[in-house]
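What follows is each chain in one-letter form.
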Amino acid sequence: MTTPAVLLHIGSEETRVIVRNDDNEDKNLLLTLGSQLTSVGYFRHSPPTPDEMETTIMVVEDEVIRIRHDIPPGARLFSTDNDIRALARIAGEAENEVMTLSLDAVERTFDRLALVINGRPAHFEGIPDGNDFAATLLILREFMHHLQFDEITLKGTKFEM
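Here is a short report on the structure shown in this document.

The rules behind each value
Residues numbered from 1 in each chain as written. Predicted model: local features only at pLDDT ≥ 70, side-chain atom pairs only at ≥ 80, totals over all residues. Heavy atoms only, no water. Core = buried A, V, L, I, M, F, W, Y, C linked by side-chain atoms within 4.5 Å. Buried < 20%, exposed > 50% of the residue type's maximum accessible area, 1.4 Å probe, protein only. Helix = DSSP H or I, 4+ residues; strand = E, 2+ residues; numbered from the N terminus. Contact = heavy atoms within 4.5 Å. 1 Å grid on protein atoms, 1.4 Å probe; cavity = no way out; pocket = protein on both sides within 12 Å on 5 of 7 lines; lining within 4 Å. Points joined across faces, edges and corners; volume = space filled by probe spheres on them. Nonpolar A, V, L, I, M, F, W, Y, C, P; charged D, E, K, R; others polar. Pairing = 2+ DSSP bridges. Axes fitted to C-alpha atoms, helices over the stretch in contact; angles between N-to-C directions. Salt bridge = Lys/Arg side-chain N within 4 Å of Asp/Glu carboxyl O.

1. Notes on the nonpolar core
Core analysis: the largest hydrophobic core is formed by 46 residues, its most contacted members being Leu 101, Leu 140 and Phe 143. Here this core gets nine residues from one element, more than from any other, and that element is helix H6 (residues 131–146). Setting aside residues no more than four positions away along its own chain, Leu 101 makes contact with Leu 87, Ala 88, Ala 91, Glu 93, Val 106, Leu 140, Met 144, Glu 151, Ile 152 and Leu 154.

This is the structure we're talking about:
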């Protein structure tokens, strides 16, 4: 019996989720969330205002929660996304072929983004000032939080789940 796995890809227009259950059959799920789609659709300011972020959090939560019954208990989360790898480096993870980013590190990085949203210059926090970064971070945070993933394993190339 193999451990169920979830492969996450946050694209610019959509988020693709591939779920591999114990039977090794893949289920492809699409979320209407993407770094650009979300930032252009909900953020009117750069950085987004606190109200814009709160509204977007609710939208992202609703979309993520929609697939909660498709995620098998005990599944491990993976990604090959360069944007999530960059986020891991910003969160303090050392660059490696395989990297692990914890939910705690994602939350700490989101807290840094919150400081920027509330007026602190982005460069003080060492994070990009673009709204696509904010959207990617938000999607990852809500995905991990609401689907109960403690960490995400990142690898730079395609790999077996």
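After presenting the structure, the write-up continues.
2. A closer look at empty space enclosed by the protein
Counted by the stated rule, this structure contains one cavity of 30 Å³ or more. Along its surface, the largest cavity is lined by Pro 47, Pro 48, Leu 113, Val 116, Pro 128, Asp 129, Gly 130, Asn 131 and Ala 134. Here the lining of the largest cavity is composed, by residue class, of six nonpolar, two polar and one charged.

3. Overview of the pairing of strand S4 (residues 76–79)
Of the pairings in the sheet, the one linking strand S1 (residues 5–10) to S4 comprises three bridges and is parallel in character. Within S4, the residue paired with Val 6 across the bridge is Leu 77. Examined bridge by bridge, S4 and strand S6 (residues 151–155) share three bridges and lie parallel to one another. Within the sheet, the bridge partner assigned to Leu 77 lies in S6 and is Ile 152.

4. Some points on unusual backbone geometry
For the bond from Ser 46 to Pro 47, the omega torsion is 0°, close enough to zero to count as cis. Along the chain, Pro 47 falls in the loop between helix H1 (35–42) and helix H2 (50–65).

5. Remarks on the sheet that holds S6
Pairing is mixed across the open sheet formed by six strands, whose spatial order is S3-S2-S1-S4-S6-S5. The open sheet terminates on both sides in strands that have one partner only, identified here as strand S3 (26–31) and strand S5 (98–102). Between one strand axis and the next, the sheet turns by 25° as a mean value, whatever way the strands run. Against the sheet, helix H4 (residues 103–117) engages S5 and S6, with an angle of about 65° to S5.

6. Considerations on the pattern of salt bridges
When their charged atoms lie close together, side chains carrying opposite charge are able to pair. Inspection of every chain in the model, using the stated rule, returns eleven salt bridges. For Arg 66, the salt bridge is made with Glu 63, and the minimal N-O distance between the two is 2.8 Å. By relative accessible area, Glu 63 is classed as buried at 13%. With a shortest N-O distance of 2.7 Å, Glu 95 and Arg 89 are connected by a salt bridge. Assessed through its relative accessible area of 39%, Arg 89 is described here as partly exposed. Connected through salt bridges with shared partners, the residues Arg 85, Arg 89 and Glu 95 form a single ionic network.

These figures capture arrangement, not role.
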